[in-house]
Amino acid sequence: MRVKFILPALTEATNPYWRPIKYSLFPPLGLATLAAYLPDSWEAELQDEHVEPLRLDDAPKLVVIQVYITNAYRAYALADLYRSRGSYVCLGGLHVTSLPAEAAAHADSIFLGPGEETFPQFLRDWQQRRPQPRYESSVRTLVGVPPIRRDLIRRELYLVPNSIVVTRGCPHHCDFCYKDAFFEGGKSFYTQPVDDALAEIDRLPGRHLYFLDDHLLGHQRFAASLFDGMRGMGRLFQGAATVDSILRDTSLLEKAAVAGLRSLFVGFETLSERNLRASNKRQNLGRDYAQAIERLHALGIMINGSFVFGLDDDGPDVFARTVEWAVKQGITTATFHIATPYPGTDYFKRIEAEGRLLHRRWDQYDTRTVVHQPGPHLTAEQLKTGYDWAYREFYSWANITKASLAHTSLKHQIKHFAYAGGWKRFEPLWNFMIKTRQLNSMRPLLEAILAKVQGPRGTLNPAPADFIPLPIVQ
């Protein structure tokens, strides 16, 4: 019995302007997790079209395809191809959960929500020759989840093969977030047993880890136990958290820093209180962004700030104000997004009800393309032009230099300059390393080079900060 797991390339990863390194960061952990449920006697393979061409001359018995909004058309084409050859095709993921009727036309079985419960049930049904056309997740638990099939992942094709997820979902409910629809019908935030998470970490080679969790600090007791268990492992890791969690409990941040946290993705999203209220991002309301940034920098933790342009309170000045603020605060890297109404979100429902959707071509819902009419103060053209300008301006050498000088320590200034410049300004080098399949050789090299520009030592920053911060891709 042969099973093929496929992550089709996102549309933006196939256009001539894409950044290859952005799509060569992390392996498809979701599919590798599902593969762990297969019987030992079954043969499995996992293909990620972002890092290698798909082999399409086969006809496996079972094909499992993960569907995001911007790879949906590609996923459907692959599903149709394999079904025409007699393969049984399963589709799951964020887009399938949001638009199940659309996906069902291209699949034998669809999966709504997380797959830890439904995929094992499907396998039992399959073996009894009675698979169902639709599986919906309701029981939400990570207890007893088998170890990820990392043997199916070609580590040499990724810069960060040691990615890991120890929680699911998020305790917050922002209107524009894709995840609420995915977790509808059950728990929207839950954690792995700490011992299981530590065991998974322990079997990963090297030092560097990337936690892809939506909110690593979302469950304080779990996070504290995780960081206590990681203390002494010699790990260096990155993750994501919210402004309120950074301000809420300094001791938890200290535990994280001691355990090896060196970079955090933080969803600032907007500097407008009206936008925060309209987006139901209440966890940011009344929070002192500058104080949160100061706490992280004091611990030697670099920041990748996330910002959304095109919310209803934004005007033509939002781009310059945001970039100026981020540079002044010494934020190391920034991820900018054009506000995008994803199907299944409250934001989509509101924009659709107001007649502001420009189209439903899902392959353009990539947060870099304007797909709906912005609020009353911006035109679609101004939004796109301002978004492009913000990226160029933030990552200009002048602003990289200015942001690095916002730090008081010379070593931190050098580290900031090297990281920000290395991430965004050395594209030809990244492309060469990808094409020559040498990304794996970059990991120890980067650690060795960057170890020479450690942040200031002290009681709050006892471990060396010797790796490059890589922005989470949304």
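Residues numbered from 1 in each chain as written. Predicted model: local features only at pLDDT ≥ 70, side-chain atom pairs only at ≥ 80, totals over all residues. Heavy atoms only, no water.

Draft legend 1. Representation of unusual backbone geometry. Unusually for a residue other than glycine, asparagine 280 sits at a positive phi of about 60 degrees. Considering the arrangement of structural elements, one finds asparagine 280 in the loop between helix H11 (273-278) and helix H12 (289-298). Of note in the backbone geometry, threonine 367 takes a positive phi value of approximately 65 degrees without being a glycine. Inspection of the secondary structure assignment puts threonine 367 in the loop between helix H14 (346-353) and helix H15 (380-394). Under the relative-accessibility criterion, threonine 367 is labelled buried at 9%. (Helix = DSSP H or I, 4+ residues; strand = E, 2+ residues; numbered from the N terminus. Buried < 20%, exposed > 50% of the residue type's maximum accessible area, 1.4 Å probe, protein only.)

Draft legend 2. Examining the sheet that holds strand E12 (residues 261-269) more closely. What the six strands build is an open sheet, ordered E7-E10-E11-E12-E13-E14; its pairing is parallel. Strand pairing shows two members of the sheet lacking a second neighbour, strand E7 (163-164) and strand E14 (333-338), which therefore form its edges. In the sheet, E12 pairs with strand E13 (residues 302-309) via six bridges, with the strands oriented parallel. Paired with phenylalanine 265 across the two strands is asparagine 304, which belongs to E13. (Pairing = 2+ DSSP bridges.)

Draft legend 3. Seen up close, the pairing of E12. Most of E12 sits out of view: nine of its nine residues are buried. When strand E11 (residues 236-241) meets E12, the two strands line up parallel, connected through five bridges. In the strand pairing of E12, phenylalanine 237 is matched with leucine 261.

Draft legend 4. Examining the packing of helix H7 (residues 194-202) against helix H8 (residues 220-230) more closely. The interhelical angle for the contact between H7 and H8, taken along N-to-C directions, is 40 degrees, at an axis separation of 10 Å. Here H7 lies oblique to H8, going by the angle between them. The way H7 lies across H8 gives a crossing that is right-handed. Side by side, H7 and H8 meet where Val194, Ala197, Leu198 and Ile201 of the first sit next to Phe222, Ser225, Leu226, Gly229 and Met230 of the second. Partitioned by chemical class, the residues of the contact of H7 with H8 number seven nonpolar, two polar and no charged. (Axes fitted to C-alpha atoms, helices over the stretch in contact; angles between N-to-C directions. Parallel < 35°, antiparallel > 145°, perpendicular 65-115°, else oblique. Left-handed = near helix turned anticlockwise from the far one by under 90°. Contact = heavy atoms within 4.5 Å. Nonpolar A, V, L, I, M, F, W, Y, C, P; charged D, E, K, R; others polar.)

Draft legend 5. Quick look at the state of the cysteines. Inspection of the entire model under this criterion finds zero disulfides. We note that cysteine 174 lacks a disulfide partner, and the nearest cysteine sulfur, in cysteine 177, lies 6.2 Å from it. The exposure class assigned to cysteine 174 is buried, which follows from its relative accessible area of 9%. For cysteine 177, a relative accessible area of 29% gives the class partly exposed. (Disulfide = S-S within 2.5 Å.)

Draft legend 6. Representation of H14. Those residues of H14 that fall on the buried side of the exposure criterion are Tyr347, Phe348 and Ile351. For H14, the arc enclosing every buried residue in end-on projection is 100 degrees, short of the 170-degree limit, so these residues lie on one face. Two residues or fewer past H14, glycine 355 is found with a positive phi of approximately 70 degrees. (Arc of directions from axis to C-beta.)

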